[in-house]
Amino acid sequence: MSFDLVIRNGLIVDGTGKPGFEADLAVEGEKINAIGKNLGSGKKEIDARGKAIAPGFIDPHTHMDLFLVLYPHGNPVVNFGVTTVVIGDCGASCAPVPSGSEPRKVLVAYLRRVLDSYVDEKDWKWNTFPEYLGYLKGRVGINAAALVPHSPVRLAVMGEAAYQREARLEELEEMKKTVREGMEAGAIGFSTSPRGGPAVHEGTPSTFASQSEIVELANLAGEYGGCFQFNAFSNLLKPESGLPALVDQVNAYMIGNEFRLRPGEKNDGPRAIAYMEEAKKRGKDINGVVIPYQHIWRFGIESCFFLDGLPTWEAIKNPVEALAEKLRDKSLRQKLEQERVEGAGKPVFPEWLGWGRIIFDRVEREELKSLEGKSVEQIARTSGKSELDAFFDTWLQDNLRSRCYYQGAANAHLDLLADMIKSPQGLIGTDAGAHLDRFFWYGAPAKIIGHWHREKRLFSLEEAVWKLTGLPAQKLRLNRGELKAGLPADITVFDPDRFQDLVSERLPAKVDAAEVKRHPPGMQAVVVNGEVVVEEGECRDVFPGKVTRQEICLS
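None of these values were measured; they are calculated from a predicted model.

A. Quick look at unusual backbone geometry. Residue E258 follows N257 across a cis peptide bond; omega there is -5 degrees. Its place among the elements puts E258 in the loop between β11 (253-257) and α8 (268-281). Cis rather than trans, the peptide bond between N318 and P319 has omega equal to -5 degrees. With a phi close to 50 degrees, H435 is a non-glycine residue in the positive phi region. Among the secondary structure elements, H435 is positioned in the loop between β17 (426-428) and α15 (444-455).

Encoded structure:
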């Protein structure tokens, strides 16, 4: 028998966590036809000798709603083997589009704050949520599982009142109608940003919603078998926030973003795992999205966050033009260090983990370029200076133009982060498409396989693949995430010994048009619904992605 595609001689890692085995895999049309030895020929064949053959990776938290319009192949995540993304997270998306000019401006401004400045309404070829899904259909290279987003729904129904007050009964009924239309058009659930969440969402339309409004809309999605996604995950551990009481009223599977370790709150990692385990016993199925990296905080002389709030720094930091002379005074430096250690004044940053966390990312003077990527600790060691002097002297030598970052602005404690990643309560996400100057975690699958499996031996290859495929598929009720005859042919072929996330060695300045198209080493091929969409570092101009719940979820 001849098949459309045969992938030969690989290690089948099927997404269930079971031990891998050597076999071939045959695809006919959009589905896996057979897995075994000595299969027939293929119209196209891929030799996977020495490689793993696994299900396509599933990303349960992205903001690629508009990235899929700008980069329809699915860049940057498809480069790393992601074949299905969730979009519409955190109550923020580009549909439905409100009709009034002022509410529309509010939506654009909100999306530019949450996503980035690339948001431009001239790219929007739709008005309603069903029209948005209709636009994506046949135009994307990967599957897109969309959530109906709360803030655009509020704006479409309430206009300017959406960011002024709670909804009236008739407005809530109209919102329910809009959410119902979205679910029937193919959404997989409903998302929101409640009050008390991340600062980037502060004052946005969904934060004006009452708890009962959120619960009713979430439960409506649940009636369709859909999920409820929310941010402000850390508020689950703060009863006064109202979030624990809210989730207790929701009758749907829930995903919280972001499950991370905030500075000074390291105990929240194990506490959150225990909370989710206890909630499951009460019939509330909640998972937290874990980005498997240490977060960074970029800064320069004008925004040296770990000194902000210290009395001496507040007294001298303005004007910046006068700082150089003051910072040459070593007694003043010592005073700053003393205040930092003592926590004097009202320090902005509550947890200091050493000068090894401060990295000189970009320097201006050519003779200092060798210091790029070096920590203050490393510079001090090679220069023979104290870390304090190494930091300020390097800045001064570069005329205070250096750009630095602090590694560990969240997830600083790697042992606890490992527990969060390994826990079945943690889903691995990327946040791709948002915060393009500081979120470079689109390579999360390679980070899981390359760093956490291969280097740290946190879990076996089979367990790592399950974290990226079978687990999120099970939670989201997707009809994929496993290599099995009869299932959609979403497949990755990669070298577990070479698969690398790229940004661990050097962070890019920004996720720009060039950065999104970089391909990692070790990813040989990516297949979506039976079509090879990536092969040997190149995206092919085929767009087989599915975009409705009816196509990508279990019936």
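Anyway, onward from the coordinates.
B. View of the packing of aromatic side chains. Applying the stated criterion across every chain yields a total of 33 aromatic pairs. A ring pair is formed by W297 and F349, whose centres lie 5.8 Å apart and whose planes are at 75 degrees; its orientation type is edge-to-face. Pair noted here: W297 is in strand β13 (residues 296-299) and F349 is in the loop between α11 (330-342) and β14 (358-362), with a separation of 52 residues, a long-range link. Aromatic side chains F306 and F391 sit 5.7 Å apart centroid to centroid with 55 degrees between the ring planes, which places their arrangement in the tilted category. Of this pair, F306 sits in the loop between β13 and α9 (311-316) while F391 sits in helix α13 (residues 387-397), and the two are 85 residues apart along the sequence. Taken individually, F306 and F391 each receive the classification buried, so the pair is uniform in this respect. An aromatic cluster is built from W297, F299, F305, F306, F349, W352, W355, F360, F391, F392, W395 and Y406, whose rings are joined through pairwise contacts. Positioned above the aromatic ring of Y135 is the side chain of R139, whose terminal nitrogen or guanidinium carbon lies 4.2 Å from the ring centre.

C. Summary view of the packing of α11 against α13. Where α11 contacts α13, the axes come no closer than 11 Å and their chain directions differ by 125 degrees. Judged by the angle between their axes, α11 and α13 are oblique. The element α11 and its partner α13 pack so that their crossing is right-handed. Together, K330, R333, Q334, L336 and E337 of α11 and L388, D389, F392, D393 and L396 of α13 make up the contact between the two elements. Among the residues making up the contact of α11 with α13, the classes are represented as 4 nonpolar, 1 polar and 5 charged.

D. Summary view of the pattern of salt bridges. In total, this model carries 35 salt bridges according to the counting rule given. Note that D393 is salt-bridged to R333, the shortest N-O span being 2.7 Å. With a gap of 60 residues between them, D393 in helix α13 and R333 in helix α11 connect regions that are remote in the sequence. Note that E372 and K369 form a salt bridge whose closest N and O atoms lie 3.3 Å from each other. A relative accessible area of 31% means that K369 is categorised as partly exposed. Among the charged side chains, a network of salt bridges with common partners joins R298, D361, R362, K369, E372 and R506.

E. Looking closely at the sheet that holds strand β16 (residues 403-407). The antiparallel open sheet is built from 4 strands, whose spatial order is β13-β16-β14-β15. What marks the edges here is a single partner per strand, and that holds for β13 and β15 (374-375). Pairing geometry for β14 and β15, over 2 bridges, is antiparallel. What sits directly across from I359, in β15, is S375. Here α13 sits on the sheet and contacts β13, β14 and β16; the angle it forms with β14, its principal contact strand, is near 15 degrees.

What counts and what doesn't
Residues numbered from 1 in each chain as written. Predicted model: local features only at pLDDT ≥ 70, side-chain atom pairs only at ≥ 80, totals over all residues. Heavy atoms only, no water. Helix = DSSP H or I, 4+ residues; strand = E, 2+ residues; numbered from the N terminus. Phe/Tyr/Trp six-rings, centres within 6.5 Å; stacked < 30°, edge-to-face > 60°. Buried < 20%, exposed > 50% of the residue type's maximum accessible area, 1.4 Å probe, protein only. Lys NZ or Arg CZ within 6 Å of the ring centre and 35° of its normal. Axes fitted to C-alpha atoms, helices over the stretch in contact; angles between N-to-C directions. Parallel < 35°, antiparallel > 145°, perpendicular 65-115°, else oblique. Left-handed = near helix turned anticlockwise from the far one by under 90°. Contact = heavy atoms within 4.5 Å. Nonpolar A, V, L, I, M, F, W, Y, C, P; charged D, E, K, R; others polar. Salt bridge = Lys/Arg side-chain N within 4 Å of Asp/Glu carboxyl O. Pairing = 2+ DSSP bridges.

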